[in-house]
Amino acid sequence: MDTEAVRSFVRAAEFGQLRHAADELGVTQQAVSKRIATLERALGVRLFTRTARGVELTLDGQAFLPHARNIITGVDRAITAIRPGSRALRIDVLGLRSAQAVVLHDYWRSRPETDLDVVTLRVNDPRVAVTAVRAGDIDASFRSVTDPATLPRDVRMIHAFDSPLELLVGPRHPLASARTLTPSQLRRHRIWVPGIAPRSEWAEFYDQLATAFDLRIDAAGPNFGDEVLLDILADSADVATLVGSRDRYIWPTSHDLRRIPIVNPTLAYPLSLILPRANPHPGLRTIINHLGSLAPLPERAWLPSWATTPRRSDKDIEHTDADGRLQQHTADTAGRTRPWPR
């Protein structure tokens, strides 16, 4: 069915005149008449009768009108859902309990009028997310390509924020009573991180972390989800895991799990935002400004070699110009890597 013919029918029914419907649609009166005639032939009924004042709905036309309105509403919503600048800002996060989702939720709570669509691509290779950004399937992705030189020229990666790590343990673990921990105190303890996927950014992160601090990070076994992991931690006297300080986890009070900050240095997972280089969604401007307002890491912090930390100044915060293009007055993601010596 020709949806423009249906739209012409709806407008003609609302105005009662083909001429007014044509003016509304930006076409000629003859075009509206032909569209309606085509629709009537397709349906096998008469939708209008002509009068001295214009057109009036037949009984069939009256029966068809509410359904026709639903069709047009659905088409308009479908178009809005995929048109950059008019559809919701669509951002990919690693998981709905991840730090990225939590930060976006905080942003949305402060600006509930924002039309925001948070999605999870459920892919491990960040290059797949890059492809989705290039195709326009998403407007931005909280992923990191650990070798920025491999990024296509039409996308860019900027620093988002850094997520300090905490040790998550059950009440029977030897470190459970600590208020804070240093990386050296984690040595010889089993840190279980199931589901470390090859070629993922977090696989490289944990490789560098284990090497830098001589940690025993175990990725063995299948990943049955957060609930199973939390159950195992609650019952174990020797298993711990690492979580981000902003990551959201919920467990029964009987588990009595403890989240212990790691300090001197703070261990941090760097988070980046991948977005189009040209004509990004205009809604990204305030998101990027919000990310730039988050608290920076302590001075004594460890980041992997491929991470950078931005200088905290207004000049380093991206903004959009009148045409919706991201602009920046200084070099991309200025900063320095801060590997921590062993």
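Quick caveat: nothing in here was measured; it's all calculated off a predicted structure.

1. Things to note about the side chain of Asp247
Here is step 1 of the chain: Looking at where Asp247 falls in the secondary structure, it is placed in the loop between β9 (239–244) and β10 (258–261).
Here is step 2 of the chain: A distance of 2.8 Å separates a polar side-chain atom of Asp247 from the backbone nitrogen of Ala99.
Here is step 3 of the chain: Of the polar contacts made by the side chain of Asp247, one reaches the backbone nitrogen of Gly244; its length is 2.8 Å.
Here is step 4 of the chain: Apart from residues lying up to four places away in sequence, Asp247 is in contact with Arg97, Ser98, Ala99 and Arg259.

2. Points about the environment of Leu294
Here is step 1 of the chain: Tracing the sequence through the fold places Leu294 in the loop between α9 (284–292) and β12 (301–302).
Here is step 2 of the chain: Taking the C-alpha atoms as reference, Leu294 lies 7.3 Å from Phe161; in sequence the two are 133 residues apart.

3. Some thoughts on the pattern of salt bridges
Here is step 1 of the chain: All chains considered together, the criterion is met by 13 salt bridges.
Here is step 2 of the chain: The salt bridge partner of Asp92 is Arg143, with a shortest N-O separation of 2.8 Å. Of this pair, Asp92 sits in strand β3 (residues 89–92) while Arg143 sits in the loop between β5 (140–141) and β6 (155–169); the two residues are 51 residues apart in sequence, bridging distant segments of the chain.
Here is step 3 of the chain: Accessibility expressed as a relative area gives 0% for Asp92, which makes it buried.
Here is step 4 of the chain: With a shortest N-O distance of 2.8 Å, Arg127 and Asp125 are connected by a salt bridge.
Here is step 5 of the chain: For Asp125, a relative accessible area of 18% corresponds to the buried category.

4. A look at empty space enclosed by the protein
Here is step 1 of the chain: In total, this model carries one cavity of 30 Å³ or more according to the counting rule given.
Here is step 2 of the chain: By volume, the largest cavity amounts to about 30 Å³.
Here is step 3 of the chain: Lining the largest cavity are Trp192, Pro194, Pro222, Asn223, Phe224, Gly225, Val228, Leu229 and Ile232.
Here is step 4 of the chain: Element by element, the count of residues in the lining of the largest cavity is highest for helix α8 (residues 226–235), at three residues.
Here is step 5 of the chain: Taken together, the residues of the lining of the largest cavity sort by class into seven nonpolar, two polar and no charged.

5. Overview of the packing of aromatic side chains
The relation between two aromatic rings is expressed through the spacing of the ring centres and the mutual angle of the planes.
Here is step 1 of the chain: Using the criterion set out here, one finds seven aromatic pairs in the structure.
Here is step 2 of the chain: When the centroid spacing of 4.7 Å and the interplanar angle of 55 degrees are considered together, the rings of Phe205 and Tyr269 count as tilted. Of this pair, Phe205 sits in helix α7 (residues 201–213) while Tyr269 sits in strand β11 (residues 266–276), and the two are 64 residues apart along the sequence. This pair shows no difference in class: Phe205 is buried, exactly as Tyr269 is.

6. Here's the deal with helix α5 (residues 99–110)
Here is step 1 of the chain: Helix length check: α5 (12 residues) gives 17 Å between terminal C-alpha atoms against 16 Å at 1.5 Å per residue, within 8%.
Here is step 2 of the chain: Among the residues making up α5, those that are buried are Ala99, Gln100, Ala101, Val102, Val103, Leu104 and Tyr107.
Here is step 3 of the chain: On its buried side, α5 packs onto β3, β4 (116–119), β6, β11 and α9.

7. Structural notes on the packing of helix α1 (residues 3–15) against helix α3 (residues 29–43)
Here is step 1 of the chain: Contact geometry for α1 and α3: axes closest at 8 Å, N-to-C directions at 110 degrees. Classified by the interaxial angle, the pair formed by α1 and α3 is roughly perpendicular. Side by side, α1 and α3 meet where Glu4, Ala5, Val6, Ser8, Phe9 and Ala12 of the first sit next to Val32, Arg35, Ile36 and Leu39 of the second.
Here is step 2 of the chain: Among the residues making up the contact of α1 with α3, the classes are represented as seven nonpolar, one polar and two charged.

Calculation rules
Residues numbered from 1 in each chain as written. Predicted model: local features only at pLDDT ≥ 70, side-chain atom pairs only at ≥ 80, totals over all residues. Heavy atoms only, no water. Helix = DSSP H or I, 4+ residues; strand = E, 2+ residues; numbered from the N terminus. Polar contact = N/O pair within 3.5 Å; in protein donor to acceptor, adjacent residues only side chain to side chain. Contact = heavy atoms within 4.5 Å. Salt bridge = Lys/Arg side-chain N within 4 Å of Asp/Glu carboxyl O. Buried < 20%, exposed > 50% of the residue type's maximum accessible area, 1.4 Å probe, protein only. 1 Å grid on protein atoms, 1.4 Å probe; cavity = no way out; pocket = protein on both sides within 12 Å on 5 of 7 lines; lining within 4 Å. Points joined across faces, edges and corners; volume = space filled by probe spheres on them. Nonpolar A, V, L, I, M, F, W, Y, C, P; charged D, E, K, R; others polar. Phe/Tyr/Trp six-rings, centres within 6.5 Å; stacked < 30°, edge-to-face > 60°. Expected span 1.5 Å × (residues − 1). Axes fitted to C-alpha atoms, helices over the stretch in contact; angles between N-to-C directions. Parallel < 35°, antiparallel > 145°, perpendicular 65-115°, else oblique.

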